[in-house]
Each structure stands twice: as C-alpha cells, then as structure tokens.
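Listed below are the residues making up each chain.
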Amino acid sequence: MSALLQATGLVKHFPAGKPGLFERAPQVVRAVDGVDLSVAPGETLALVGESGCGKSTTGRLILRLIEPDAGTILFQGRDLRREPPARLRELRRDMQIIFQDPFGSLDPRMTVGRIVAEPLVVHGVGTTAERARRVAQLLERVGLAPAHAARHPHEFSGGQRQRIGIARALALDPKLIVCDEPVSALDVSIQAQVLNLMLDLQRERGLGYIFISHNLAVVRYMANRIAVMYLGKIVEEAARDDLFAAPQHPYTKALLSAVPEPGSARAKQRIVLTGDVPSAIDPPSGCRFRTRCPHATETCARLEPALTPVADGRNVACHLVTPPGHA
Ligand code: SF4
C-alpha cells in the first residue's frame with residue numbers, strides 16, 4: 001500500500017544554552033537525529049522508547065509544529081517542507097494531533113462547542129449553523145451529548161475531556177492523527193474505552209495514526225507496526241507481532257522483558273538495564289546504546305550501526321544482528 005506519510009532523514013537539534021568558556025560552538029541537544037518512518041492509510045505506527053528518546057519531538061516535526069533542521073516529509077506524495085504556505089495550510093487540515101493532557105490542552109475559558117468548532121473556524125469551513133451541526137455530530141460520535149457543547153471543560157472527567165480532544169481532532173476529517181500519549185493521563189479503567197473509540201474511528205475513516213507511548217501494553221493493543229527509539233534514533237522497527245514474539249535489538253529486548261505475557265503463567269526473565277540514558281547533548285560514539293548494552297564490543301564504540309533490513313521485513317540497528325558492512 002502506498003504511504004500516507006513518508007518521513008526521511010528527520011533531524012532536530014535544540015540549542016542547549018550558551019557555549020562554556022573553553023567551548024567554541026554552542027552545545028545542542030540531538031533530540032531527533034536521522035529518523036525515517038512511514039505510515040499507510042488505516043495503519044497505526046507506534047513510536048516507543050524511554051522518556052527523552054525523541055518520540056514526541058518526532059511527532060511534532062511530522063506535523064511541522066516544530067521546524068525540522070533536515071529531512072523530507074512527504075504527505076500523500078507532497079513535500080511538506082517545500083509547499084507554499086497556502087498549500088501547506090490546506091494540507092494541515094488532513095493532519096491533526098491528540099495531546100496527552102486532556103486537562104491542559106483544552107482552553108478552560110471556552111465552551112466545548114467553541115473548542116471543537118475552532119479548527120472549522122480557523123479554516124473557514126461552513127456557516128455558524130453548519131458548524132454547530134457538525135459539532136453536535138462529532139460530540140455524539142465520540143460518546144458525548146450535543147448538549148455538552150454549551151458546557152466548559154472543567155465540568156468533565158478526564159476521559160470525557162479526551163473525547164472532546166478527539167472530537168476536535170476529527171473536526172476537519174483528517175487522514176493522519178499524531179496521538180501523543182493519548183491515554184497516559186487517564187485512569188486505567190477509562191483507557192480501554194478511549195482506545196476502543198480510537199480503533200473504531202480508525203476503521204470507519206481509514207485514519208493513519210502515529211501513536212506515541214511509553215506504555216507497551218497499550219502499544220500492543222493499538223499498533224500494526226512499532227518503531228523503537230533510543231536517544232533520537234530508531235533502533236528497531238517491525239510488525240507488532242514479530243517485535244513482541246522475537247525482539248532483535250538488545251534495547252528492544254530489555255524494554256519488552258518488562259511486559260507481562262498475556263495468558264502465560266511463566267514469568268519472563270527481566271533484563272534490567274544498568275546506567276542512565278546518556279545525555280543527548282553528548283551521545284556515546286558509535287552505537288548510542290553501547291554504554292548500557294550487555295553485548296557491547298570495541299566495534300560498537302567505533303562504528304555506528306545503520307538501521308538495516310533483516311529477515312521478516314524488520315529493520316534493526318545493531319552490529320550483532322547486522323554485522324558491519326552488511327546491508
Ligand atoms: Fe549493543 Fe553493539 Fe548492538 Fe549497540 S551495536 S546494541 S552496543 S551489540
């Protein structure tokens with residue numbers, strides 16, 4: 001299937017303050033350092049990894065909420081970084097975001113009706129009456145009542161607020177939604193309801209999702225494919241079932257070892273990583289994971305492993321899995 005979105009070589013470095021007395025250049029945080037990914041219509045690609053690995057920044061780069069330093073973003077074959085502003089604005093209608101925090105992401109002074117209608121107003125869609133009808137439909141579709149349009153966000157629970165956020169994201173009938181930790185602020189009892197709503201909407205509308213989460217149980221429920229990020233790079237990318245059945249990269253193995261196996265009485269052997277995640281200002285030479293990898297060799301310090309296709313259509317960046325020079 002042709003890609004809805006194809007990003008290649010995405011890079012984003014943030015300034016990390018002024019240079020020190022003996023430093024020539026300002027330091028930079030290498031938040032995203034050469035990420036390739038693609039999403040097909042109706043597909044969910046999950047981005048996973050520890051906090052600070054660059055997954056949320058990647059989501060924002062794709063929507064150009066943050067400007068990439070380098071890379072190409074093709075959306076339905078159009079290069080988002082080369083489109084003139086008017087055309088980019090049009091394309092943006094098809095790309096929306098659901099934020100993590102259903103409390104902070106809704107303006108408390110606005111009614112729910114105004115919040116959900118805002119994208120329609122910004123893009124000049126419909127008359128006032130048409131927008132009100134659309135808001136009522138959207139609220140019903142996400143499990144709320146049309147009468148809720150007159151209320152304010154503080155009158156709703158966390159799960160209901162996230163439903164409002166979803167209604168707003170759907171207002172312009174997008175094709176791609178970046179979902180940034182969409183249920184991590186919700187009670188566990190509510191999470192499944194919101195996830196099921198998102199799956200239903202995806203099936204109905206053929207939505208592509210980029211699903212950003214640190215919760216691997218949630219990712220297992222939602223994703224078709226999973227990209228594992230470490231210090232600004234993708235280290236493994238595979239179909240969900242392949243990744244959970246047989247992770248290849250040592251970092252993926254450690255991450256997945258903490259996830260209980262559903263229906264299995266046998267406890268998994270937990271791989272506990274030692275050491276902290278290194279600073280993204282000064283990442284380790286060679287393989288960025290080498291300071292925590294139990295299999296690191298001298299080659300790993302010297303040569304950076306490229307993300308390389310291996311069996312079953314997955315890509316892995318590790319000299320153990322794809323020896324240096326192998327492509
Ligand atoms: Fe570990 Fe080396 Fe593979 Fe990196 S390249 S994950 S350090 S074995």
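Further up the page is the structure itself.
Now for a quick tour of the structure. Note that the structure is a prediction, hence the values are computed from the model and not measured.

Considering the pattern of salt bridges
Consideration 1: Enumeration according to the criterion identifies 23 salt bridges in this entry.
Consideration 2: A salt bridge links Arg64 to Glu67, with the nearest nitrogen and oxygen atoms 2.9 Å apart.
Consideration 3: Judged by relative accessible area, Arg64 falls into the buried class, the value being 17%.
Consideration 4: Look at Glu67 and you get partly exposed, because its relative accessible area is 35%.
Consideration 5: The partner of Arg314 in a salt bridge is Glu236, and the shortest N-O contact between them spans 2.7 Å. Here the residue Arg314 occupies a position in the loop between β11 (308–309) and β12 (315–316), and Glu236 occupies one in strand β10 (residues 233–239), the gap between them amounting to 78 residues. The same class applies to Arg314 and to Glu236, which are both buried.

Digging into the site of the ligand
Consideration 1: Around the ligand, the surrounding shell holds 13 residues, and the nearest of these are Cys287, Cys293, Cys300, Cys318 and His319.
Consideration 2: Class assignment of the residues belonging to the shell around the ligand gives a composition of nine nonpolar, three polar and one charged.

A closer look at the packing of aromatic side chains
Consideration 1: Under the defined criterion, the tally for this structure stands at three aromatic pairs.
Consideration 2: Note on Tyr230 and Phe289: the rings are 5.0 Å apart at their centroids and 85° apart in plane angle, and the pair reads as edge-to-face. On the criterion of sequence distance, the pair formed by Tyr230 in strand β9 (residues 225–230) and Phe289 in the loop between α9 (250–257) and α10 (298–302) is long-range, its members being 59 residues apart. Of the two residues, Tyr230 and Phe289, both sit in the buried class.
Consideration 3: Three or more aromatic residues link up through ring pairs in this structure, and these residues are Tyr230, Tyr251 and Phe289.

Section: the pairing of β9
Consideration 1: Most of β9 sits out of view: six of its six residues are buried.
Consideration 2: Burial along β9 is two-sided: Arg225, Ala227 and Met229 and Ile226, Val228 and Tyr230, pointing in opposite directions, are all buried.
Consideration 3: Of the pairings in the sheet, the one linking strand β3 (residues 44–48) to β9 comprises four bridges and is parallel in character. Paired with Val48 across the strands is Val228, a residue of β9.
Consideration 4: Examined bridge by bridge, β9 and β10 share six bridges and lie antiparallel to one another.

Thresholds applied
- Residues numbered from 1 in each chain as written.
- Predicted model: local features only at pLDDT ≥ 70, side-chain atom pairs only at ≥ 80, totals over all residues.
- Heavy atoms only, no water.
- Salt bridge = Lys/Arg side-chain N within 4 Å of Asp/Glu carboxyl O.
- Buried < 20%, exposed > 50% of the residue type's maximum accessible area, 1.4 Å probe, protein only.
- Helix = DSSP H or I, 4+ residues; strand = E, 2+ residues; numbered from the N terminus.
- Near = heavy atom within 4 Å.
- Nonpolar A, V, L, I, M, F, W, Y, C, P; charged D, E, K, R; others polar.
- Phe/Tyr/Trp six-rings, centres within 6.5 Å; stacked < 30°, edge-to-face > 60°.
- Pairing = 2+ DSSP bridges.

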